[in-house]
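Overview (structure and organization)
So you can see what is in the structure, the chains are spelled out below.
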Protein chains: 4
Amino acid sequence: MKSLGIGLIGTGFMGKCHALAYGSVKAVFGDVPAPRLEVLCDVPADKAAGFADQFGFARSTSDWRELIADPKVDIVCITTPNKVHKDMALAALAAGKHVHLEKPMALTLEDARTMRSLADKSLGKTIVGYNYLHNPAIAHARGLIAEGAIGRIVHFRGMVDEDYQADPDLTWTWRATRADAGLGTLGDLGCHLVSLAAALVGPVESLVAETRTVHATRPVGEGSGEHRPVENEDIASALLTFENGVHGVISTSRSAWGRKSYIAFEVHGTEGMITFDQERMNELRLYQNRGPMAEQGFKTLLSGPEHPPYGHFVPAPGHQLGFNDLKVIEVHEFLRAICEDRPAVPSFREALHFEAVIHAIAEAAAEEKRVFLK
Amino acid sequence: MKSLGIGLIGTGFMGKCHALAYGSVKAVFGDVPAPRLEVLCDVPADKAAGFADQFGFARSTSDWRELIADPKVDIVCITTPNKVHKDMALAALAAGKHVHLEKPMALTLEDARTMRSLADKSLGKTIVGYNYLHNPAIAHARGLIAEGAIGRIVHFRGMVDEDYQADPDLTWTWRATRADAGLGTLGDLGCHLVSLAAALVGPVESLVAETRTVHATRPVGEGSGEHRPVENEDIASALLTFENGVHGVISTSRSAWGRKSYIAFEVHGTEGMITFDQERMNELRLYQNRGPMAEQGFKTLLSGPEHPPYGHFVPAPGHQLGFNDLKVIEVHEFLRAICEDRPAVPSFREALHFEAVIHAIAEAAAEEKRVFLK
Amino acid sequence: MKSLGIGLIGTGFMGKCHALAYGSVKAVFGDVPAPRLEVLCDVPADKAAGFADQFGFARSTSDWRELIADPKVDIVCITTPNKVHKDMALAALAAGKHVHLEKPMALTLEDARTMRSLADKSLGKTIVGYNYLHNPAIAHARGLIAEGAIGRIVHFRGMVDEDYQADPDLTWTWRATRADAGLGTLGDLGCHLVSLAAALVGPVESLVAETRTVHATRPVGEGSGEHRPVENEDIASALLTFENGVHGVISTSRSAWGRKSYIAFEVHGTEGMITFDQERMNELRLYQNRGPMAEQGFKTLLSGPEHPPYGHFVPAPGHQLGFNDLKVIEVHEFLRAICEDRPAVPSFREALHFEAVIHAIAEAAAEEKRVFLK
Amino acid sequence: MKSLGIGLIGTGFMGKCHALAYGSVKAVFGDVPAPRLEVLCDVPADKAAGFADQFGFARSTSDWRELIADPKVDIVCITTPNKVHKDMALAALAAGKHVHLEKPMALTLEDARTMRSLADKSLGKTIVGYNYLHNPAIAHARGLIAEGAIGRIVHFRGMVDEDYQADPDLTWTWRATRADAGLGTLGDLGCHLVSLAAALVGPVESLVAETRTVHATRPVGEGSGEHRPVENEDIASALLTFENGVHGVISTSRSAWGRKSYIAFEVHGTEGMITFDQERMNELRLYQNRGPMAEQGFKTLLSGPEHPPYGHFVPAPGHQLGFNDLKVIEVHEFLRAICEDRPAVPSFREALHFEAVIHAIAEAAAEEKRVFLK
């Protein structure tokens, strides 16, 4: 397998995360060629140059089309605001590049569908940054479910919360607009939870839902006295029916004081239960109806080498992976998929379903009706 | 205040709990006359006699109408299977007695309404066994909310689970029938959660819901090969709109492996959050957006004398109340209400709302529509 | 078995706890005659009369010798300040009564030895209020250890803390004196931990130790400006060698902010570990080196009917026992022992060892040497 | 500041950790030149070559002296078995290199002293791999203590456990020998805890201690029947007196089933308490005697950007750092110290104290006496 050249667009939260992941994936896993960090793009140009130096990229540009056109770039990483995902991804695919896109794919479901259609016809592989899927604890949960450790799945509950929009006095930003941000908490947080639900239980068939905007308006700036409306939801909840008949409940809030990275779920089975919370991302809780009742209880499984690929990071159990490590696993999956000429997971195909669900939630809430995914 | 005579119908889980509570309420609180344990009723007669001896009742009978007619009985405690609640409560009220009824009030909402109507016209006071409401931690949560400690309430989430119907091999019982048990997990568990939601957030206005029966049939007896249908729900979930506009999500299961007495909720406010789990009933978790962000976090408040009426049980904090102690507080509330000639809380009036909600959930699920509580 | 008459001396924290326990033990367990609450003693006389009424005692007195002499009193419960334990217990034993004594037995080890000697020669049974021993979770831990669930025991660690002496501004009381209180945190809290260590691991052979007085003096009263010395320890720690060779570490503080009833321990075995914390007294944590490593983890066992005698209180698991319930179990043990004419556990015999250990800790710390228990 | 060349000796657990950290420190922090990964050393040569490729080193060698002599190597990272630390470190210092040494410094205290002496006279900077010190949660704990958030420190308790030597059937290795491994759990784990204790409370003045070897012998190989003695301790505990008079208790075991990376401590102050457990390394628990007692409780602080340098890894709170991130912070400290020409922390100077304490524990246990650190 030849080394692949990376072009990274964006240098914020996720941009840095991508840079770190592509920079260390070879050292961590060993079974992929070290990616070449070729071009970094941001605006203005000097910001791009500064981050190229910091992140170890060979060149920089303030023109993302130039980055895509660069013949040394094989993989285009898109970590820009959601609004521009679509144009960049379509251009990269059209140029025959592999696309590593941060979630959500696009502001609207229609755009996401367009992107998937083009991906289906393209030579380039795609992967979307549903990084929580790559947690060894989640992989272990999936394995346990697959082997019947908790019997037949009968119920799913999930919550995903943060508090970055909880403060009533926070000023108004583009995040509050349909035009620039699209959905609210559903797009930022909800889709992550859906990705986990789908991975653990299966695709969603239909749903009913409600949403709420906690803060109807926000001040434009300090002292101006002006307020602008918040156009998207702060809170959303839905009752899900999965294709396999399982009933689920999910809820998300970006205004939940005290929740910093709360992605919690329960999978109920006929023989046991699995629970998880991302704020303790190295722990999986498992209850099995096995052995004497007096010794039954929820067991806390602390991630370790027995939960691949944890051991590639640390050979000793319980030592803790971190948030950035999940992106390294995601990058590894993408590089292996390219190397083996198979679809990466989750590609635009799977991601489209996750995002169809959040748009269905918004629609079900707005129109007060049951929405079917197909 | 004169001492009140107690007639207890039923000697099971809740019957014993009532006996213990009436037996110790005077010693615990001191401000009520010691109730006189007059008559205990169960069938057959010798069982009643045996339990009267154990629980310290003066007499026993196998005829509940005789108990109600007994002039020395002032309070009739009804802890029998749900199916007979209505007849007993109506008879007791008609006889001018105070009624301490276990939840749910009745199998159907219509019956519950009839009971409330009679109660409204009766001299006797009523209270329904929503014992979790009496937890000092819950009382403290209500106080915190009332004083604005977490700002304006914007969201509620709650779950209530047990696993007594989780085992697929469990044999069929009357619990599985509409005729004898009425609702399933909603009647057993769900109504407790609703009582807490209403106490913390307010009355419910409308809802949509889904229910599931996990095990469609159950074996009638070992080796018979016969199976009978399970007619009521194992799992139920609902999206609630409270009268004050707050959006809520609740879910309940009686088939949730590992959950033994799980009644968990989150109250989201504009300035903080409160969470609770009955399996750790002496802990309340509080997050407040106060002080430097570096020192913000969920605080675990361990129940103590600062959380009345904890101190009546133990003068030292953190020493732990138990399940049976909640009933003592409930009994105290009932005796004080009688003594002060005021309605007890929750009387048939409040309980009717809790139960209207669970029936609305069943209806919304069955008919796939939004149900309004009024 | 005939009904036994109870004489209770003291009406504080533990006095009330005894009254509640003797009042409900028959209803809870059924297999013992209901104790007769005969005489309650406190000073002054009207206080005794008031509490006799509240607690349901037939008579009251301000003279404890009169209570002991009462022919209707079979069991003398001593819940007075430690200083007077000895005289009361010796008098009660001399009068042929059974003695239910709160811990610690006495201010000095010499006194405790005298008390045990007399008890050995007396007809009356004895029990000392090491109530935490009676927790079903602890009983289950002992059972697990006995059946080899965690292999051979190799290490013990324990801590017991509260914060009732943490505040630097707290005023000086008799608790600070050797003459009236004897030991400090060792007598109040440390001996409870020793009782658990001995029950789980076995008797202690020798130890080295250190103690500290956090607040050397305390103000006598507000505004007086006067301070008096604190004569006993706020903190104590010891390295233990048990008779079976196991190495242990224990530590206690009465000045540990945030600890309300913290009695935490770990028992390390060659095949697993058990941990516990009294602030979550219905949970036992168990790790066993069994099954695939990927599914090993600490399991939280929530107390239930499978952990006797939990089921006598509540037939459903996870519903939570409370602090006062432990005293009911202790009283039941005492009544059964009297009924079966066998020693109760822990009698003065076992309690003497617990208290010998705390005095050895004080001695080892004061003299900076290893102290042997025999 | 010029870029520094790295020579890494060792490719195991810590070798990989170093490679990842030097590889990403520039991208994470931005304020240091990217280190040049020059030479990697391991035996045999082809293993070294393979890891050089994986970890991104320019060259490889099987001769560590060659690595040290390489003029392009500025920093020598020593991650080899403890036995060879001394010779490598002395040689590197003698060659004028900076030394990044994994803990413990050496097998014996005498060797560690020799190393510190040479370091004092050398131009090269030193740092020892006490990585847990660099956790933002620990830094925050130190800050809280320094600003008096919990008042005057009065007590310290700590435990550090793993279970890699818990299995009785584990075969004998060099780890069991004094000659090759030196101390047992004290050298592997205990010194980490001491580093935290010293950072939080201050230097240790004297101590008494006990140690135990749980498994006296271990089988040499499967089926051979031969057993060899375990020469060093599995468990060790000590009562510490810090130079400032604070009393402490510490305990460590490498045979503690269920403990995977358990480094737990409590710091007791006159106004509050701080607790921590490395198995939940992103959480710090803080109790403060502030505000109304009814709202006092332990607060869980989840690491975030308010706890530097967390924000360099992830700009959002609660997203979790991992074990490998701590080494990045350590490397950053080392590079900044070199850049600013100041001692790094912890240098050989501070590390010598940590290691003097663990050797003192071994000595105090062996000779059954109090050992003073000076």
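Residues numbered from 1 in each chain as written. Chains lettered and ligands numbered in written order. Predicted model: local features only at pLDDT ≥ 70, side-chain atom pairs only at ≥ 80, totals over all residues. Heavy atoms only, no water.

**Considering the overall build of chain A**
- Looking only at helices and strands, chain A features 11 helices and 17 strands.
- Taken over C-alpha atoms, the radius of gyration comes to 21 Å for chain A, in line with the 21 Å a tight globule of 374 residues would show.
- By principal-axis analysis of the C-alpha atoms, chain A measures approximately 65 × 55 × 40 Å.
- Burial analysis of chain A (374 residues in total) assigns 67% to the buried set.
- Considering only contacts within chain A whose residues lie at least 6 apart along the sequence, 69% involve residues at least 24 apart.
- Entry remark: accessible area of chain A is about 12200 Å², with carbon and sulfur atoms responsible for 52%. (Helix = DSSP H or I, 4+ residues; strand = E, 2+ residues; numbered from the N terminus. Rg over C-alpha atoms; globule rule 2.2 N^0.38 Å. Buried < 20%, exposed > 50% of the residue type's maximum accessible area, 1.4 Å probe, protein only. Contact = heavy atoms within 4.5 Å. Areas by Shrake-Rupley, 256 points an atom, 1.4 Å probe, with all protein chains shown as cover.)

**Looking at the domain arrangement of chain A**
Residues and elements named next belong to chain A.
- Parsing chain A into structural domains produces domain 1 (5–131) and domain 2 (134–372).
- Computed over C-alpha atoms, the centres of domain 1 and domain 2 are 23 Å apart.
- If you look at the interface, domain 1 gives 43 residues, while domain 2 gives 45 residues.
- At the boundary of domain 1 with domain 2, total buried surface from both sides reaches about 4000 Å², with 69% on carbon and sulfur atoms.
- Considering only the surface of domain 1 that becomes buried against domain 2, Phe29, Tyr130 and Asn131 emerge as the three largest contributors, covering 22% of it. (Domains from an automatic or database assignment. Buried area = accessible area lost by both parts, 1.4 Å probe.)

**Description of the relation of the copies chain B and chain A**
- Rotating chain B by 180 degrees about the axis while translating it 0.0 Å along that axis superimposes it on chain A, leaving an RMSD of 0.0 Å. Given the turn and translation reported, the copies of this chain are related as if by a two-fold rotation axis.
- Taken as a fraction of all interface residues of chain B, those also at the interface in chain A reach 100%, which identifies the copy contact as same-surface. (Least-squares fit on C-alpha atoms with pLDDT ≥ 70 in both.)

**Details of the pattern of salt bridges**
- Evaluation of the coordinates by the stated rule reveals 122 salt bridges over all chains.
- For Glu266 of chain B, the salt bridge goes to Arg259 of chain A, with nearest N and O atoms at 3.1 Å. Placement of Glu266 of chain B in strand 13 (residues 262–269) and of Arg259 of chain A in the loop between strand 12 (247–253) and strand 13 (262–269) is noted, with the two residues assigned to different chains.
- In this structure, Arg342 of chain B and Glu340 of chain B form a salt bridge, with 2.7 Å as the shortest nitrogen-oxygen distance.
- We classify Arg342 of chain B as partly exposed; its relative accessible area is 26%.
- Salt bridges linked by common partners bring Lys2, Arg36, Glu38, Arg59, Asp70 and Asp74 of chain A together as one network. (Salt bridge = Lys/Arg side-chain N within 4 Å of Asp/Glu carboxyl O.)

**Here's the deal with the interface of chain B and chain A**
- The interface of chain B with chain A comprises 49 residues on the first partner and 49 residues on the second.
- Summed over the shared surface of chain B and chain A, the result is 7 salt bridges.
- Listed by contribution, the elements that provide at least two residues to the side of chain B that touches chain A are strand 7 (153–161), strand 8 (204–212), strand 11 (235–242), strand 12 (247–253), strand 13 and strand 14 (272–277) of chain B.
- In terms of residues, the side of chain B that touches chain A owes the most to one element, strand 11 of chain B, which gives 6 residues.
- Across the side of chain B that touches chain A, the residue classes break down as 20 nonpolar, 17 polar and 12 charged. (Nonpolar A, V, L, I, M, F, W, Y, C, P; charged D, E, K, R; others polar.)

**Some remarks on the relation of the copies chain B and chain D**
- You can overlay chain B on chain D at an RMSD of 0.0 Å; the transform is a turn of 180 degrees with a shift of 0.0 Å along its axis.
- Of all interface residues in chain B, 100% are interface residues in chain D too; the two copies therefore contact each other through one and the same surface.

**Description of the pairing of strand 14 (residues 272–277) of chain A**
Residues and elements named next belong to chain A.
- Most of strand 14 is tucked away, with 5 of its 6 residues classed as buried.
- Inspection of the sheet shows strand 13 paired to strand 14 by 5 bridges, in the antiparallel sense. Counted as the bridge partner of Val267 is Ile274 from strand 14.
- What sits between the antiparallel neighbours strand 13 and strand 14 is a turn of 2 residues.
- The antiparallel pairing of strand 14 with strand 15 (residues 283–288) creates a hairpin that spans 5 residues between the two strands. (Pairing = 2+ DSSP bridges.)

**Section: the UniProt feature "domain: GFO/IDH/MocA-like oxidoreductase" (unreviewed entry) in chain A**
- In this structure's numbering, the residues bearing the UniProt feature "domain: GFO/IDH/MocA-like oxidoreductase" (unreviewed entry) are residues 139–274 of chain A.
- The straight-line gap between the two end C-alpha atoms of residues 139–274 of chain A is 12 Å; of that span, 21% is helix and 37% is strand. (UniProt positions renumbered as here; feature names shortened; annotations may be inferred.)

**Quick notes on the sheet that holds strand 2 (residues 36–41) of chain D**
All names here are of chain D.
- One open sheet holds the 6 strands; their spatial order is 3-2-1-4-5-6, and the pairing between them is parallel. Edge strands, defined here as strands with exactly one partner in the open sheet, are strand 3 (59–61) and strand 6 (126–128). Ignoring strand direction, the axes of neighbouring strands in this sheet form an average angle of 20 degrees.
- Across 3 bridges, the pairing between strand 5 (residues 98–101) and strand 6 is parallel. (Axes fitted to C-alpha atoms, helices over the stretch in contact; angles between N-to-C directions.)

**Section: the packing of helix 1 (residues 13–29) of chain B against helix 10 (residues 323–340) of chain B**
Residues and elements named next belong to chain B.
- Viewed as axis vectors pointing N to C, helix 1 and helix 10 meet at an angle of 65 degrees, and their least axial separation amounts to 8 Å. In terms of axis orientation, helix 1 runs roughly perpendicular to helix 10. Of the two possible hands of crossing, helix 1 and helix 10 adopt the one that is right-handed. Contacts between helix 1 and helix 10 involve Phe13, Met14, Cys17, His18, Leu20, Ala21, Tyr22, Ser24, Val25, Val28 and Phe29 on the former and, on the latter, Phe323, Asn324, Lys327, Val328, Ile329, Val331, His332, Phe334 and Leu335.
- For the contact of helix 1 with helix 10, the per-class residue count stands at 15 nonpolar, 4 polar and 1 charged. (Parallel < 35°, antiparallel > 145°, perpendicular 65-115°, else oblique. Left-handed = near helix turned anticlockwise from the far one by under 90°.)

**Here's the deal with the environment of His247 of chain B**
- Mapped onto the elements of the fold, His247 of chain B is located in strand 12.
- With relative accessibility at 0%, the residue His247 of chain B sits in the buried group.
- Taking the C-alpha atoms as reference, His247 of chain B lies 36 Å from Ala21 of chain B; in sequence the two are 226 residues apart.
- In contact with His247 of chain B, not counting residues within four places along its chain, are Glu210, Arg212, Ile235 and Ser237 of chain A together with Val154, His155, Phe156, Leu239 and Leu240 of chain B.
- In terms of polar contacts, His247 of chain B uses its side chain to reach the side chain of Ser237 of chain A, at 2.7 Å. (Polar contact = N/O pair within 3.5 Å; in protein donor to acceptor, adjacent residues only side chain to side chain.)

**Quick word on the sheet that holds strand 4 (residues 75–78) of chain B**
Residues and elements named next belong to chain B.
- Sheet architecture is open: 6 strands sit in the order 3-2-1-4-5-6, paired in parallel fashion. This sheet does not close on itself; its edge strands, each paired only once, are strand 3 (59–61) and strand 6 (126–128). Between one strand axis and the next, the sheet turns by 20 degrees as a mean value, whatever way the strands run.

**Points about the interface of chain B and chain D**
- Each side of the interface is counted separately: chain B has 15 residues, and chain D has 15 residues.
- When chain B packs against chain D, the two sides together hide about 1200 Å² of surface, and 52% of this comes from carbon and sulfur.
- On the chain B side of the contact with chain D, Ala294, Glu295 and Lys299 of chain B bury the most area, a combined 44% of that side's loss.
- The interface formed by chain B and chain D includes 0 salt bridges.

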